[in-house]
Amino acid sequence: MIRSDFIRGHLDAIILRLILEKDRYGYEISKEISSRTNDRYQIKEATLYAVFQRLEKKELLESYLGGISKGGKRKYYTITTLGKAYLKESVAEWKVTKNIIDLFMEGLD
Amino acid sequence: MKELKGHVDELFRGIPESEQKTAIMEEVLENLEEKVWDLMEQGKAEEDAINKAIVEFGSIEDLKNELGVKQPVKKNNTKLNLGFSIWGSIIIIALFVFMNFYYSPNVIWFVYPTFAILWWPLSMYFIWKRAN
């Protein structure tokens, strides 16, 4: 398992990306993150809900109550136009950052 | 599933009641339940599944920040304390001066208690300075 604070700063983008693909609910997102990373990264649910709150406050996400599971009503999240713009911005920023870090990390073991 | 509800209540105990809190608690509980069902389908015993879900939930501290739980801010009272100490010592010194010249005008002794009293505003002054 990698250090989660490396990823922490990019969680907003990761979660927005997953919600961009389709509307999702909390547990689905944490499962999706684990499976796509082959369990190399598992998000703590507490962190996930904190991100939801933050993104909703910033109006990058909206939520609605949807399908009924065995427990109760699931809360689904959907991305807003602002969220899409933010994600696009994040991707561009990440590319630049990645380039810079690579300059110093590549070519070494 | 009662245990799960109890645990969620426990987690959110320090957070002041609000609509937002209730909504998140419901959401968290719902998602945790689904996780537990999932784990049970994978062959875990209910108790194990619940424990795993709870452990993996993580710390609630981040969420607290988002819910606007203010870290208690200590009010800066040092200026007020300094003012109080200055006024207080002036009054006490004035009392000693009065007693000195009224009852024993031939011996000047009020300076001794004056020096002792001045420690009070002096210490308050440095506390105030340190706080700024």
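Parameters at a glance
Residues numbered from 1 in each chain as written. Chains lettered and ligands numbered in written order. Predicted model: local features only at pLDDT ≥ 70, side-chain atom pairs only at ≥ 80, totals over all residues. Heavy atoms only, no water. pLDDT = per-residue confidence, 0-100. Helix = DSSP H or I, 4+ residues; strand = E, 2+ residues; numbered from the N terminus. Contact = heavy atoms within 4.5 Å. Buried area = accessible area lost by both parts, 1.4 Å probe. Salt bridge = Lys/Arg side-chain N within 4 Å of Asp/Glu carboxyl O. Polar contact = N/O pair within 3.5 Å; in protein donor to acceptor, adjacent residues only side chain to side chain. Nonpolar A, V, L, I, M, F, W, Y, C, P; charged D, E, K, R; others polar. UniProt positions renumbered as here; feature names shortened; annotations may be inferred. Buried < 20%, exposed > 50% of the residue type's maximum accessible area, 1.4 Å probe, protein only. Axes fitted to C-alpha atoms, helices over the stretch in contact; angles between N-to-C directions. Parallel < 35°, antiparallel > 145°, perpendicular 65-115°, else oblique. Left-handed = near helix turned anticlockwise from the far one by under 90°. Pairing = 2+ DSSP bridges.

Another aspect to go through is the confidence of the model for chain B. Residue and element names in this part refer to chain B. Confidence in the prediction for chain B averages 86 pLDDT; 94% of positions are at 70 or higher. The weakest mean pLDDT in chain B belongs to helix H4 (residues 61–66) at 73; the strongest belongs to helix H5 (residues 78–103) at 95. For this predicted complex, the interface confidence comes out at an ipTM of 0.78, alongside a pTM of 0.68.

In this assembly, 21 residues from chain B lie in contact with 23 residues from chain A. Counting the surface lost from both chain B and chain A, the interface buries some 2000 Å², and carbon and sulfur atoms represent 47% of this. Our enumeration of links across chain B and chain A arrives at 4 salt bridges. Two residues, Arg74 of chain A and Glu34 of chain B, come together in a salt bridge whose shortest N-O distance is 2.8 Å. In this assembly, chain B and chain A are joined by 10 residue pairs in polar contact (both at pLDDT 80 or more). Of all the secondary-structure elements, those providing two or more residues to the side of chain B that touches chain A are helix H2 (19–41), helix H3 (46–57) and H4 of chain B. Here the side of chain B that touches chain A gets 12 residues from one element, more than from any other, and that element is H2 of chain B. Classifying every residue of the side of chain B that touches chain A gives 7 nonpolar, 4 polar and 10 charged.

The UniProt feature table records "coiled-coil region" (unreviewed entry) at residues 15–49 of chain B. From the first C-alpha to the last, residues 15–49 of chain B spans 26 Å; its make-up is 77% helix and 0% strand.

This next bit is on the pattern of salt bridges. One pass over the full model with this rule turns up 18 salt bridges over all chains. Where Glu28 of chain A meets Lys22 of chain A, a salt bridge forms, and the shortest distance between an N and an O atom there is 2.8 Å. We classify Glu28 of chain A as buried; its relative accessible area is 11%. A relative accessible area of 44% places Lys22 of chain A in the partly exposed class. For Lys75 of chain A, the salt bridge is made with Glu27 of chain B, and the minimal N-O distance between the two is 3.6 Å. Of this pair, Lys75 of chain A sits in strand E3 (residues 73–79) while Glu27 of chain B is found in helix H2, placing the two residues in two different chains.

The next point concerns the packing of H2 of chain B against H3 of chain B. Residue and element names in this part refer to chain B. At a minimum axis separation of 9 Å, H2 and H3 run at an interaxial angle of 135 degrees. Classified by the angle between their axes, H2 and H3 sit oblique to one another. Handedness of the crossing formed by H2 with H3: right-handed. Residues Val28, Leu32, Lys35, Val36, Leu39 and Met40 of H2 lie in contact with H3, whose contacting residues are Glu46, Ala49, Ile50, Lys52, Ala53, Glu56 and Phe57. Looking at the contact of H2 with H3, its residues break down into 9 nonpolar, no polar and 4 charged.

Residues and elements named next belong to chain A. Most of E3 is tucked away, with 6 of its 7 residues classed as buried. The pairing of strand E1 (residues 24–25) with E3 spans 2 bridges and is classified as antiparallel. Each residue of the ladder has a partner; that of Arg24, found in E3, is Tyr77.

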